[in-house]
Amino acid sequence: MSVTQEQADWFADAFAKLVDNVDQAILGKREVIRLVVTALLSDGHVLLEDVPGTGKTVLAKALANTLDGSNSRIQFTPDLLPSDVTGVTIYDQGKGVFEFHKGPIFASIVLADEINRASPKTQSALLEVMEEGRVTVDGVSHDVGRPFMVIATQNPVEQAGTYTLPEAQLDRFLIKTSLGYPDHNTAVALLLDSSNRARASKVSPIIAPGSVAAMAQLASEVFVDASVLAYLNHIVTATRSHKDSTLGVSMRGALALARAVKTWALSQGRTYVTPDDVRELAVPVLAHRIIVDPESDFAGVTAEDIVSRVLVDIEPPAYRAA
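In what follows, the accompanying structure is described. (Residues numbered from 1 in each chain as written. Predicted model: local features only at pLDDT ≥ 70, side-chain atom pairs only at ≥ 80, totals over all residues. Heavy atoms only, no water.)

**Structural notes on the overall build of the protein chain**
Piece 1. Counting its secondary structure elements, the protein chain contains 14 helices and eleven strands.
Piece 2. Scaling as 2.2 N^0.38, a compact globule of 322 residues should have a C-alpha radius of gyration of about 20 Å, and the protein chain matches this with 20 Å.
Piece 3. Projected onto its principal axes, the C-alpha positions of the protein chain cover 70 × 50 × 50 Å.
Piece 4. When the 322 residues of the protein chain are sorted by exposure, 49% land in the buried category.
Piece 5. Excluding contacts between residues fewer than 6 apart, the proportion of contacts in the protein chain whose partners are at least 24 apart in sequence is 77%.
Piece 6. Accessible surface, the protein chain as shown: approximately 15,100 Å² in total, 53% of it carbon and sulfur. (Helix = DSSP H or I, 4+ residues; strand = E, 2+ residues; numbered from the N terminus. Rg over C-alpha atoms; globule rule 2.2 N^0.38 Å. Buried < 20%, exposed > 50% of the residue type's maximum accessible area, 1.4 Å probe, protein only. Contact = heavy atoms within 4.5 Å. Areas by Shrake-Rupley, 256 points an atom, 1.4 Å probe, with all protein chains shown as cover.)

Encoded structure:
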């Protein structure tokens, strides 16, 4: 079933309202907010990597407050156990049965703060739930429901006492992005409002979980021409054979980009995807899945550079909407 223009206009209006609502807490970072909302409506997860004090946690909490559903925050530390995240089965002596007590992962929006401070064992507790939307404890599966989104933060500067996220974990994040420091005018506006220490609390719920699921379903039905998908696949394939990479983008990454560009196109009121949509999302969706060759890394080449060079090398199709 194809998306009508009327549905596309409704989606674009709702998308803009979500962005505006979060923008109350995070000033001057509208493009980053659009990326995060795109991930939410693409059934994906987001990794925010930036230096301390740039608003990573505020952004995650503001998005959680926008959704009229459950949200939780997990502060990752070296002594955090997998059961502290997923939950645990406890024997109830009164009833004579084992009962499952849900962990904080059972929420619509989960903030995994400083995820790289937890041990690899605890980090791995997120692998199943981020991919399949369920948790298996003692052989029993428990669905976390929909919508479900993990927003993880990590600090790239301070590495003492941290554990690097493995590639299998990184691959499960739809988008990796950063906020960066605000521009001069935004910084002054924040300083004028310095007495407000809880900006995220100003954000009120404006959308129900069911509406988020409906928007995600609508986005999945956006039309993508075969030539655009071929262009997307050429980009992904080129990252695998690039001279500066030792590991390119996986098929999971290609599928993630295919989902994200549909939401991105619909957020702009279009019922179809263009090559420009692929180009705009290629870096935030694909770069974190690439491992740079050690020699190239020493020379200053980044994964973002590899994706950017691939976009220059591969000519987009001359696509015209029907």
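**Remarks on the side chain of threonine 86**
Piece 1. Mapping threonine 86 onto the fold places it in helix H4 (residues 82–86).
Piece 2. Using a relative accessible area of 10% as the deciding quantity, one classes threonine 86 as buried.
Piece 3. Threonine 86 has contacts with Phe100, Lys102, Gly103, Ile105, Phe106, Ala125, Val135 and Val137, leaving out every residue within four places of it along the chain.

**Concerning helix H1 (residues 5–23)**
Piece 1. Here H1 contains 19 residues, and its C-alpha end-to-end distance of 27 Å stays within 8% of the 27 Å for a straight helix at 1.5 Å per residue.
Piece 2. Taken residue by residue, H1 has Ala8, Phe11, Ala12, Ala14, Phe15, Leu18, Val19, Asn21 and Val22 as its buried positions. (Expected span 1.5 Å × (residues − 1).)

**Description of the layout of surface pockets**
Piece 1. The space that makes up the largest pocket amounts to roughly 590 Å³.
Piece 2. Elements that contribute at least two residues to the lining of the largest pocket include exactly helix H3 (56–66) and helix H8 (184–192).
Piece 3. When its residues are assigned to classes, the lining of the largest pocket shows twelve nonpolar, ten polar and six charged.
Piece 4. The volume enclosed by the second largest pocket comes to roughly 470 Å³.
Piece 5. Around the second largest pocket, the lining comprises 23 residues; the ones closest to its centre are Glu49, Thr164, Leu170, Lys176 and Ile290.
Piece 6. Along the lines of polarity and charge, the residues of the lining of the second largest pocket split into ten nonpolar, eight polar and five charged.
Piece 7. Counting contributing residues, the lining of the second largest pocket receives three or more from each of domain 1 (1–218) and domain 2 (222–317). (1 Å grid on protein atoms, 1.4 Å probe; cavity = no way out; pocket = protein on both sides within 12 Å on 5 of 7 lines; lining within 4 Å. Points joined across faces, edges and corners; volume = space filled by probe spheres on them. Nonpolar A, V, L, I, M, F, W, Y, C, P; charged D, E, K, R; others polar. Domains from an automatic or database assignment.)

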